[in-house]
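Spelled out, the chains give:
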Amino acid sequence: MSTTRKHTALPKAQILIEALPWLTRHNGKTVVIKFGGNAMIDDDLKAAFAQDVVFLHHAGLKPVVVHGGGPQISAALDQAGIVSEFKAGLRVTTEDAMDVVRMVLAGQVQRELVGLLNQHGPLAVGLTGEDAHTITATKHQPEIDGELVDIGRVGEITAIDTGAIEALLADGRIPIVSSIARSQDDGHVYNVNADTAAAALAAALGAETLMVLTDVEGLYEDWPNSDEVISRLTASQLEKLLPDLSAGMVPKMEGCLHAVRGGVTTARVIDGRVQHSILLEIFTDEGIGTMVVADEKPDATAAATPAVTTAATTDAQGESS
């Protein structure tokens, strides 16, 4: 081998070796990824996302993808002459709007994502929360100014059945789940927030990691005064910050909190605008987003986790499916 070829090959080998401990740690583990933000609408980012998920699969992990479709739903509603309205960060979903939501999520966004992944082999299988009772919900009525508000066919998750997803994983497939739920009590289907659905699935599957793709770098320590990102915080620290977060970040961070308190080892918010952000977060020492972990045991030293003393807010636009 020529000297030039040696110099070209060596950095590639070093990158692979750096990933080795992370490959060993995550081998055989389930990772739930919430796909959203710019990564859903930029062709290059979509292609890179598909490559990352297939890489995880071939590296011995078990990826499960959960998606919403905020921008695509808004565009389809506009085309149908239906006004998009949001209350408490959630899309008001009338009967007519629900038909569009269902069509876009299961018939457009999911099919495109399945197609991108399957360019790399017969891997991805699409399903919605309706299939095999994967996600069950009841009507959700948020409280605004002390009163419960009717926002239509928006669901609050009441049960998760992981049977279909686990069967697909056992068969070496990659499940792609649309955030639609079957009704627990009235025969309807419900639009559920994709961040919430991803967190509930991660907890029910006993996942090692929940990853939420966003359009920001992570959770900012003192926004807008600083763009420093909090790299790590505990569930209790996050819970204290929740009241000060912007509407768009609340379901994402509540999802992370639910996941780690439900047994998921780590929940991470990462910047989906960065190509291959998933691989950078999982297989490098630095990581690139905000990681949430469970509270430390009482006998652990308090110094192990840096204190977060400032309000963390972001300008992130909330994505509600």
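### Looking at the sheet that holds strand β10 (residues 174-178)
The strand order across the open sheet built from 8 strands is β5-β10-β2-β1-β13-β15-β16-β14, with neighbouring strands paired in mixed fashion. Each of the sheet's edge strands pairs with one partner strand only, and the pair in question is β5 (124-128) and β14 (232-234). Ignoring which end each strand starts from, the neighbouring axes of this sheet average 20° apart. Relative to strand β13 (residues 209-214), strand β1 (residues 30-35) is paired through 4 bridges, and the arrangement is parallel. Within β13, the position partnered with Ile 33 by the bridge is Met 211. Taken strand by strand, helix α4 (residues 95-118) contacts β1, β2 (62-67), β5 and β10, and its axis lies near 165° from that of β5.

### So, the packing of helix α2 (residues 43-58) against α4
The N-to-C vectors of α2 and α4 enclose an angle of 60°; their axes lie 9 Å apart at closest approach. In terms of their interaxial angle, α2 and α4 are classed as oblique. For α2 against α4, the interelement crossing comes out right-handed. When α2 is examined against α4, the residues Lys 46, Phe 49, Ala 50, Val 53 and Val 54 are found in contact with a partner set consisting of Glu 112, Leu 113, Leu 116 and Leu 117. In the contact of α2 with α4, the residues fall into 7 nonpolar, no polar and 2 charged.

### Topic: the pairing of β13
For a regular strand, side chains alternate in direction, first toward one face of the sheet and then toward the other. Most of β13 is tucked away: 6 of the 6 residues are buried. Along β13, one buried face is formed by Thr 209, Met 211 and Leu 213 and the opposite face, lined by Leu 210, Val 212 and Thr 214, is buried too. Examined bridge by bridge, β13 and strand β15 (residues 266-271) share 6 bridges and lie parallel to one another. For Thr 209, the partnering residue across the bridge sits in β15 and is Thr 266.

### Focus on the sheet that holds strand β6 (residues 135-139)
What holds strands together in a sheet is hydrogen bonding between their backbones, with the strands either parallel or antiparallel. Read across the sheet, 4 strands follow the order β9-β6-β11-β12 without closing on themselves; strand pairing throughout is mixed. Here the strands that pair on one side only, and so sit at the sheet edges, are β9 (155-160) and β12 (189-191). Within this sheet the neighbouring strands show an average axis-to-axis angle of 50°, counted without direction. For β6 and strand β11 (residues 180-183), the ladder comprises 2 bridges, and the chain directions are parallel. For Ala 137, the partnering residue across the bridge sits in β11 and is Ser 183. Sheet contacts for α4: β11 and β12; angle to β12, the most-contacted strand, approximately 80°.

Criteria and thresholds
- Residues numbered from 1 in each chain as written.
- Predicted model: local features only at pLDDT ≥ 70, side-chain atom pairs only at ≥ 80, totals over all residues.
- Heavy atoms only, no water.
- Pairing = 2+ DSSP bridges.
- Helix = DSSP H or I, 4+ residues; strand = E, 2+ residues; numbered from the N terminus.
- Axes fitted to C-alpha atoms, helices over the stretch in contact; angles between N-to-C directions.
- Contact = heavy atoms within 4.5 Å.
- Parallel < 35°, antiparallel > 145°, perpendicular 65-115°, else oblique.
- Left-handed = near helix turned anticlockwise from the far one by under 90°.
- Nonpolar A, V, L, I, M, F, W, Y, C, P; charged D, E, K, R; others polar.
- Buried < 20%, exposed > 50% of the residue type's maximum accessible area, 1.4 Å probe, protein only.

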